[in-house]
Amino acid sequence: MLDQKLIRENPLSVEENLSLRGKVYNIAHINELTVKKKEIDIEISSLQSDSKKLSKLIGQEISTSQNHDSPELKNLKKKGNEYRIKISELEQKQRILDKEVENEIYNLPNFPSKDAPIGKDENDNVQIKTWGDHLKKENIKSHVEIGESLSLFDSIKSTKISKSRFITLIGNGARLERALINFMLDIHTKNGYLELMPPALVNSESLTGSGQLPKFSNESFKCSNDDLWLSPTAEVPLTAFNKNEIIDPKQLPVKYVAYSPCFRREAGSYGRDTKGLIRLHQFNKVELYWLCDPSKSLEAHQQITSDAESILKKLELPYRLVDICTGDLGFSSCRTFDLEVWLPSSKCYREISSCSNCWDFQARRSSIRTKIDKKNQFIHTLNGSGLAIGRTMAAILENGQQPDGSVKLPEALVPYFGSNFIKTA
RNA sequence: GGAGAGGUGGCUGAGUGGUCGAAAGCGAACGACUCGAAAUCGUUUAAUAGGAAACUAUUCGUGGGUUCGAAUCCCACCCUCUCCGCCA
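Residues numbered from 1 in each chain as written. Chains lettered and ligands numbered in written order. Predicted model: local features only at pLDDT ≥ 70, side-chain atom pairs only at ≥ 80, totals over all residues. Heavy atoms only, no water.

Visitor: Please set out the nonpolar core residue by residue, giving values where relevant.
Guide: Core analysis: the biggest nonpolar cluster contains 48 residues, and Leu 176, Leu 180, Met 184, Leu 312, Leu 315, Leu 397 and Ile 422 have the highest contact counts within it. Going through the elements one at a time, α7 (172-190), β9 (282-292), α10 (297-314), β10 (319-323), β11 (335-343), β12 (348-357), β15 (380-388) and α12 (389-399) are the ones with two or more residues in this core. At eight residues, the largest contribution of residues to this core is made by α7. Apart from the residues lying within four places of it in its own chain, the contact partners of Leu 176 are Met 393, Leu 397, Leu 409, Leu 413, Phe 417 and Ile 422. Ranked by size, the runner-up nonpolar core spans 14 residues in total, among them Leu 2, Tyr 25, Ile 27 and Ile 30. (Core = buried A, V, L, I, M, F, W, Y, C linked by side-chain atoms within 4.5 Å. Buried < 20%, exposed > 50% of the residue type's maximum accessible area, 1.4 Å probe, protein only. Helix = DSSP H or I, 4+ residues; strand = E, 2+ residues; numbered from the N terminus. Contact = heavy atoms within 4.5 Å.)

Visitor: Break down the layout of surface pockets for me, with residues and values.
Guide: Of the volumes computed, that of the second largest pocket is approximately 430 Å³. Lining of the second largest pocket is provided by 21 residues; of these, Phe 111, Pro 112, Ser 113, Cys 334 and Trp 359 occupy positions nearest its centre. Among the secondary structure elements, those contributing two or more residues to the lining of the second largest pocket are α10 and β11. When residues of the lining of the second largest pocket are assigned to their parent elements, the largest contribution, three residues, is made by α10. When its residues are assigned to classes, the lining of the second largest pocket shows nine nonpolar, six polar and six charged. (1 Å grid on protein atoms, 1.4 Å probe; cavity = no way out; pocket = protein on both sides within 12 Å on 5 of 7 lines; lining within 4 Å. Points joined across faces, edges and corners; volume = space filled by probe spheres on them. Nonpolar A, V, L, I, M, F, W, Y, C, P; charged D, E, K, R; others polar.)

Visitor: Account for the state of the cysteines, with residues named and values stated.
Guide: Summed over all chains, the structure comprises zero disulfides. Among the cysteines around Cys 325, which has no disulfide bond, Cys 334 carries the closest sulfur, lying 14 Å off. Residue classification places Cys 325 among the buried positions, given a relative accessible area of 0%. As a non-bridged cysteine, Cys 334 has Cys 358 as the owner of its nearest cysteine sulfur, 7.4 Å distant. (Disulfide = S-S within 2.5 Å.)

Visitor: Residues and numbers for the domain arrangement of chain A, please.
Guide: Where interface size is quoted, it is often the accessible area lost as the parts come together. Split into domains, chain A comes out as domain 1 (4-105) and domain 2 (122-422). Centre-to-centre, using C-alpha coordinates, domain 1 lies 45 Å away from domain 2. (Domains from an automatic or database assignment.)

Visitor: Outline the packing of helix α3 (residues 27-64) against helix α4 (residues 71-105), listing residues and values.
Guide: Any two packed helices are characterised by the angle at which their axes cross and by the distance between the axes. Remark: α3 packs on α4, axes separated minimally by 8 Å, with the N-to-C direction vectors making an angle of 155 degrees. Regarding the angle of α3 to α4, the classification is roughly antiparallel. Crossing of α3 against α4: the hand is left-handed. Residue composition of the contact of α3 with α4, by class: 16 nonpolar, six polar and 14 charged. (Axes fitted to C-alpha atoms, helices over the stretch in contact; angles between N-to-C directions. Parallel < 35°, antiparallel > 145°, perpendicular 65-115°, else oblique. Left-handed = near helix turned anticlockwise from the far one by under 90°.)

Structure follows, in structure tokens:
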């Protein structure tokens, strides 16, 4: 959420900043509303001040005089009643305005960082570096083919259980998923992250706090009888975990790592990545999350990204680091580095982690603050996958495939999985 | 699901119509004492919005209502706890 004061006092700069995202945002209208709201605020506040003084006078009058029905007293009460009617009329107006402003302001995305490359869409993203060697072999199979031939998962049978875009992991597939989760959690907790296992169902307020609502209600699954949604990412419960708190500056930065299942409707992606582990309604993810001093989020962003990167290196997976351009930035983010893993079957890089600095955007929506120089200030939040498990598995299968149909696993994973190879049963 | 209790500042907790934004305690900050620390004593210490500031307003789960005046009374909703039932 953006600062209302900023919108009121400097609407042009707000508009200009947001326009870097490549869309037109009509701040003038919101500005008009916030100014009007302010005027009414002032009017109400002065009426309330008068009415309060009058009430105190009546109170004193009653306690000092014997006659509780004197004409003077009746007169004062009548005057008080007039105040009340006036105030409640104004409050009604104010309530309507409040709703309108809220509605508009919660739909505004975060400002892009000045450091983010300016661009229109994903084609303008900037590759910062690549790491690792690409697999150069003939007859490369996709992870779907490998998974099917080694009986690691079954998506056809899963449609019986749910519908398309759900998967059932089987045998070594399930074992590999479990190994990856444990492996990643172990690495990150050793690096100073506190492990959390939050609820998978989150309420509307939590989704609003991290930025998924109100704008993206189409992208999450909602429970019909409760104000609860299936969490699309652990970022949601992790943001909400410290909602409405003032965090002791000595405790910063707070670093969380959480494994969680993630649920996304993937509306509008029909026909894309329909097979395999790449795009599912339900997937597992290990998420990294920081709450940090607002003056330190730039370094924190580097750190969280390199913490995510370290997993790819340990798993010997070739990847590249991409600086997301202003037009492709997520709603809550001011700067995002994507980690994209190499998938040899499709000869391209696929997003496996998205490391974002949300600045004070989520902290403002969720009211998470810290004391700096005796003043309460919004902290900065950062999040990054460390990593998406399903896509990691896909990458391991494709990059570790052997001519005999087996898959060689990265050394680091062997203690977790229990052997070096996945072979046909 | 049934019955009951309750939701008050960073925390605990008092407050049932009138200077109550709210006692007391804890915690925290500062000061004194000390070579230093602990202990002790003293002072300070809620948030939000507006304002340069003085100050003004709002906030006692949320939303309505009664009243000149509501933490306190009325209505609705949400949440938490305890017991019972069901259940991993």
